[in-house]
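Chains, contacts and geometry: an overview
Residues per chain are reported as follows:
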Amino acid sequence: MILLSFEAGLEALDKCITLKMDIAITGIGIVSAIGANSQDVLASLKQGISGITNMKYLESEHKELPVGEVKLSNQEMAKLLDIDDYEYLSRTTLMGALAVKEAIDSNGKLNVRGHKKITFISGTTVGGMDITEKYYTQMKSDDRHLRALNSHDCGSSSDAIVDILGFYKPNVCTISTACSSALNAIIIGSEMLKSGETDIVIAGGTEALSKFHLNGFNTLMILDHERCRPFDATRSGINLGEGAAYLVLQRADDAKKEKQNIQGYITGYGNACDAFHQTASSENGEGAYLAMTKALAMASLEPKDIDYVNAHGTGTQNNDQSESVSLKRVFGEKMPLVSSTKAYTGHTTSASGSIEAVICLIAMHNNFVPGNLGWENPMADGIIPTLGVEDATLNNVLCNSFGFGGNDSSIVISSKSLSVCESEKTEYDYEIASSVVIDDEEQLKDYKEFISVAEARRMGKLMKAATITSMKALRDAGVECPDAIITATAFGMLETSEKFLEDMCVNGESLLKPTLFMQSTHNTIGSSIAIRTKCHGYNVTYTQGMISYDWALKDAERLIRTGQARTVLVGVHDESTQTFRDFQTRLGDEPTPMIYSKSIVLKKKED
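Residues numbered from 1 in each chain as written. Predicted model: local features only at pLDDT ≥ 70, side-chain atom pairs only at ≥ 80, totals over all residues. Heavy atoms only, no water.

What to know about the packing of helix H7 (residues 211-219) against helix H15 (residues 494-507)
The interhelical angle for the contact between H7 and H15, taken along N-to-C directions, is 95°, at an axis separation of 11 Å. Relative to H15, the element H7 lies roughly perpendicular. On H15, the residues touching Lys 211, Phe 212, Asn 215, Gly 216 and Thr 219 of H7 are Ser 497, Phe 500, Leu 501 and Met 504. Class assignment of the residues belonging to the contact of H7 with H15 gives a composition of four nonpolar, four polar and one charged. (Axes fitted to C-alpha atoms, helices over the stretch in contact; angles between N-to-C directions. Helix = DSSP H or I, 4+ residues; strand = E, 2+ residues; numbered from the N terminus. Parallel < 35°, antiparallel > 145°, perpendicular 65-115°, else oblique. Contact = heavy atoms within 4.5 Å. Nonpolar A, V, L, I, M, F, W, Y, C, P; charged D, E, K, R; others polar.)

Pasting the structure below:
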């Protein structure tokens, strides 16, 4: 992960020991619209079978919208997992547990019930929203359904997965950076292995379809009423999907010593922020370009060494144009085979990165390249995707995953280890250069130094608080643009999410407001600060309940300690509403404060 100031250049790679170690993949698991395990997914890919169908399990008014549903009911998934009490378990949790179980079984040697140094990192944004929206109205007056609140936040789905599978005291972490969440989980897990913080990582993502985000995307008018056609001139948007996928990761040397069945290697990765817009990508694809070039540089590969690119390829006008530009910037006239597999699975949002990483591994193991289903007509200035190739040798593949807020990530998966000789290890110390806290709504009145009156009218209280504390902390530290932005939040943009949910549950699934949905993702804060400061560096959001800030601090410390950043903005931001506090009180929980925002700047200590 190259996170130094960009002017320092990619030559800084040689100074970072953590970048010189490949990560072995020793297990994979997948649940998707084209199969509930790796073998079924392989069969669908080889036969060109799409999982995009009419809705069966999602109880939405919008039956006109095709989706990529997993072909199992909650009851069927619970039975496969030997669970009796599943009423308040989200599909996010159930699909995730099935995919993790396959990944563990695929490894064959991993005993999660006894291993003491294992870390589970999962990406999700929907979390338990499918359960919350089902019981939200009843919870207001009926205590019987308050248990649904325990499934609401993203971190609870990760906790539930390890509980179901009986992990022995694992470190549990949840990443929420919209559609790049799962790939960022893999990146963070790799960094933890390299720094010696853990021995085994199971990383990926899981995301259920929900009425909340189906309607949210619908308000943005980017859902196709037919099967999506990424990179096609007639493309008309996304088909939303659901699913889960996870990789078992180990240090390559450890995996070899244990004689593990190594299924591939993570040899490079990069995360960058487009810093352009909350829901749109820039015309020149800057964030995507930076993520891909970072991944290639870490792997010590040239663009010509990439055999296949699994593109983000959503089928929207904006993404496919922007991604095409970024691919051309990276590869020039020597474009490798490129395809999007979202016409098979649907866009599984937060889980898409790991689902497509597993698809890349399946293709690598079985010597084929999946085709770009539905493509017929070249788009103006776009890439020409492959319709599929048999008998293909894939040594190095690039997998892209781009999210709202311009959170762009890429990883390189290789069939062989590409590790080069490690350089001498150097660790850097850091200091807290500034700290700013808001814990009272009265403090929000002091905003005009950083926020215009027009902006303030459109901002909820948490966004306003986070902007004030972030910009004050940067000013006090003498930093105009940090090298990295790391955010922690237990519940995310609760106020705007509740307004959208209330409107949907009370007034139905029409005439909903896109502005509320655009500000509902957990990484809204981190991306907004990046846009404001023009920060194209590393950007990630942790959402693991009350320990989210601990995870964020560890990440920031790791970046500076390993020489990957000189300045890091770290923030913990949470809010509550009267309805949410009432739910918590009736459930017997401590109510969340109405507002709390703290931002600090960590700086590398200079010699």
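The discussion continues.
Looking at the packing of helix H9 (residues 286-298) against helix H10 (residues 317-331)
For any two helices packed against each other, the geometry is given by the interaxial angle and the distance between the axes. Running from amino to carboxyl end, H9 crosses H10 at an angle of 35°, the nearest separation of the two axes being 8 Å. Both H9 and H10 take part in a crossing whose hand is right-handed. Here H9 contributes Glu 286, Ala 288, Tyr 289, Met 292, Thr 293 and Leu 296 to the contact with H10, which in turn contributes Ser 326, Leu 327, Arg 329 and Val 330. Along the lines of polarity and charge, the residues of the contact of H9 with H10 split into six nonpolar, two polar and two charged. (Left-handed = near helix turned anticlockwise from the far one by under 90°.)

Details of the confidence of the model for the protein chain
Where the model shows low pLDDT, its predicted coordinates should not be examined in detail. Summing up the model confidence of the protein chain, the mean pLDDT is 93 and the portion of residues at 70 or higher is 96%. Within the model, pLDDT remains below 50 along residues 1-19, and this stretch shows 54 contacts once partners closer than five positions in the same chain are excluded. (pLDDT = per-residue confidence, 0-100.)

With respect to the nonpolar core
The tendency in soluble globular proteins is for nonpolar side chains to be buried side by side. By size, the foremost hydrophobic cluster in this structure holds 67 residues, and its most contacted members are Leu 249, Ile 266, Ile 413 and Tyr 542. The leading source of residues in this core is helix H12 (residues 352-366), at nine residues. Among residues more than four places away in sequence, those in contact with Ile 413 are Ile 25, Tyr 265, Ile 266, Ala 357, Cys 360, Leu 361, Met 364, Asn 395, Asn 396 and Val 397. (Core = buried A, V, L, I, M, F, W, Y, C linked by side-chain atoms within 4.5 Å. Buried < 20%, exposed > 50% of the residue type's maximum accessible area, 1.4 Å probe, protein only.)

Description of the pairing of strand E2 (residues 118-123)
Within E2, six of the six residues are buried, leaving the element largely enclosed by the surrounding structure. Burial along E2 is two-sided: the residues Ile 118, Phe 120 and Ser 122 and Thr 119, Ile 121 and Gly 123 are all buried. Here E2 pairs with strand E4 (residues 200-207) via six bridges, running parallel. Counterpart to Phe 120 in the pairing with E4 is Ile 202. (Pairing = 2+ DSSP bridges.)

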